[in-house]
Amino acid sequence: MNLSVPLFIAYSSMAVMLALACVGSAIGVTMCGNTTIGSLKKNPDIFGKSMILCALPSTQGLYGFAGFFFMLNALKGLNFQIALGPSLAMAAAALALGFTAYFSAIWQAKLCANGINEMGNGHDVFSRTMILAVFPELYAILTFAATFLALP
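None of the values given here were measured: they were computed from a predicted structure.

Within the secondary structure, Ser 50 sits in helix H2 (residues 47–55). Apart from residues lying up to four places away in sequence, Ser 50 is in contact with Thr 36, Ile 116 and Met 119.

As structure tokens, then:
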């Protein structure tokens with residue numbers, strides 16, 4: 001098999017992984033930011049805590065970037081000579097991380113946005129929202145860790 005096909009598979013899946021993770025984070029951060037702006041009208045004192053909750057969905061983009069970095073280093077270690085099997089394993093891990101990061105960022109943002117909304121209504125739910133926001137994040141962390149197992 002032409003060596004460029006497995007390399008194309010690896011690089012394409014890495015690009016999709018990074019794009020999905022970053023787009024999910026961008027959507028999530030924007031959702032929380034929009035909720036913060038609306039909630040600040042009711043309670044301007046929540047900006048600091050809201051900003052922290054807004055930043056939480058951005059971590060999934062970081063997982064996508066770190067996964068891309070580790071996969072690129074794996075390819076460099078192989079002198080960019082990769083067989084079809086390992087490139088497919090890398091692609092599977094990259095797509096798993098990309099999709100999981102995308103969806104977990106959005107669902108985490110929905111959770112954080114609800115917390116921000118309630119803080120705007122005067123309820124002290126910051127710490128509880130932080131605790132609950134860890135749960136969607138956990139699945140992005142698990143798939144990020146799984147990418148190491150698929151590296152050649």
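In the structure shown here, the tally under the stated rule is six aromatic pairs. Among the aromatic residues, ring-to-ring pairing joins Tyr 63, Phe 69, Phe 70, Phe 144 and Phe 148 into one connected group. The ring of Trp 107 has Lys 110 sitting right over it, with the charged end atom 3.9 Å from the ring centre.

Our next topic: unusual backbone geometry. In the Ramachandran plot, Asn 79 falls in the positive-phi region, its phi being about 55 degrees despite a non-glycine side chain. Tracing the chain through its elements places Asn 79 in the loop between helix H3 (59–77) and helix H4 (84–120). For Asn 79, a relative accessible area of 59% gives the class exposed. The backbone of Phe 80 sits at a positive phi, close to 60 degrees, despite the residue not being glycine. When you line up the elements, Phe 80 lands in the loop between H3 and H4.

All right, on to the packing of H4 against helix H5 (residues 126–150) then. The geometry of H4 relative to H5 is characterised by a closest axis approach of 9 Å and an angle of 175 degrees between their N-to-C directions. When the axis of H4 is compared with that of H5, the two are roughly antiparallel. A breakdown of the residues in the contact of H4 with H5 according to their chemical character gives 17 nonpolar, seven polar and one charged.

Here we come to the side chain of Gln 108. Note on placement: Gln 108 falls in helix H4. For Gln 108, a relative accessible area of 1% corresponds to the buried category. Only 2.9 Å separates the side chain of Gln 108 from the side chain of Glu 137, close enough to count as a polar contact. Contacts of Gln 108, omitting those with residues within four sequence positions, involve Leu 56, Pro 57, Gln 60, Ala 133, Pro 136 and Glu 137.

Bringing the nonpolar core into the picture now. Grouped together as the largest cluster of nonpolar side chains are 17 residues, with contacts concentrated most on Met 14, Met 71, Leu 75 and Met 90. Only helix H1 (4–42), H3, H4 and H5 provide two or more residues apiece to this core. A total of five residues in this core trace back to one element, the largest contributor, which is H3. Ignoring anything within four residues of it in the chain, the contact list for Leu 75 reads Leu 7, Ala 10, Tyr 11, Met 14, Phe 80, Ile 82 and Met 90. If you look at the next biggest cluster of nonpolar residues, it comprises twelve residues, including Leu 53, Cys 54, Met 119 and Phe 126.

Glancing now at the environment of Gln 81. Mapped onto the elements, Gln 81 comes out in the loop between H3 and H4. Taking the C-alpha atoms as reference points, Gln 81 and Tyr 63, separated by 18 residues in sequence, lie 25 Å from one another.

Moving on, we come to the environment of Asn 121. Mapping Asn 121 onto the fold places it in the loop between H4 and H5. Separated by 78 residues in sequence, Asn 121 and Asn 43 have C-alpha atoms that sit 7.1 Å apart.

Conventions adopted
Residues numbered from 1 in each chain as written. Predicted model: local features only at pLDDT ≥ 70, side-chain atom pairs only at ≥ 80, totals over all residues. Heavy atoms only, no water. Helix = DSSP H or I, 4+ residues; strand = E, 2+ residues; numbered from the N terminus. Contact = heavy atoms within 4.5 Å. Phe/Tyr/Trp six-rings, centres within 6.5 Å; stacked < 30°, edge-to-face > 60°. Lys NZ or Arg CZ within 6 Å of the ring centre and 35° of its normal. Buried < 20%, exposed > 50% of the residue type's maximum accessible area, 1.4 Å probe, protein only. Axes fitted to C-alpha atoms, helices over the stretch in contact; angles between N-to-C directions. Parallel < 35°, antiparallel > 145°, perpendicular 65-115°, else oblique. Nonpolar A, V, L, I, M, F, W, Y, C, P; charged D, E, K, R; others polar. Polar contact = N/O pair within 3.5 Å; in protein donor to acceptor, adjacent residues only side chain to side chain. Core = buried A, V, L, I, M, F, W, Y, C linked by side-chain atoms within 4.5 Å.

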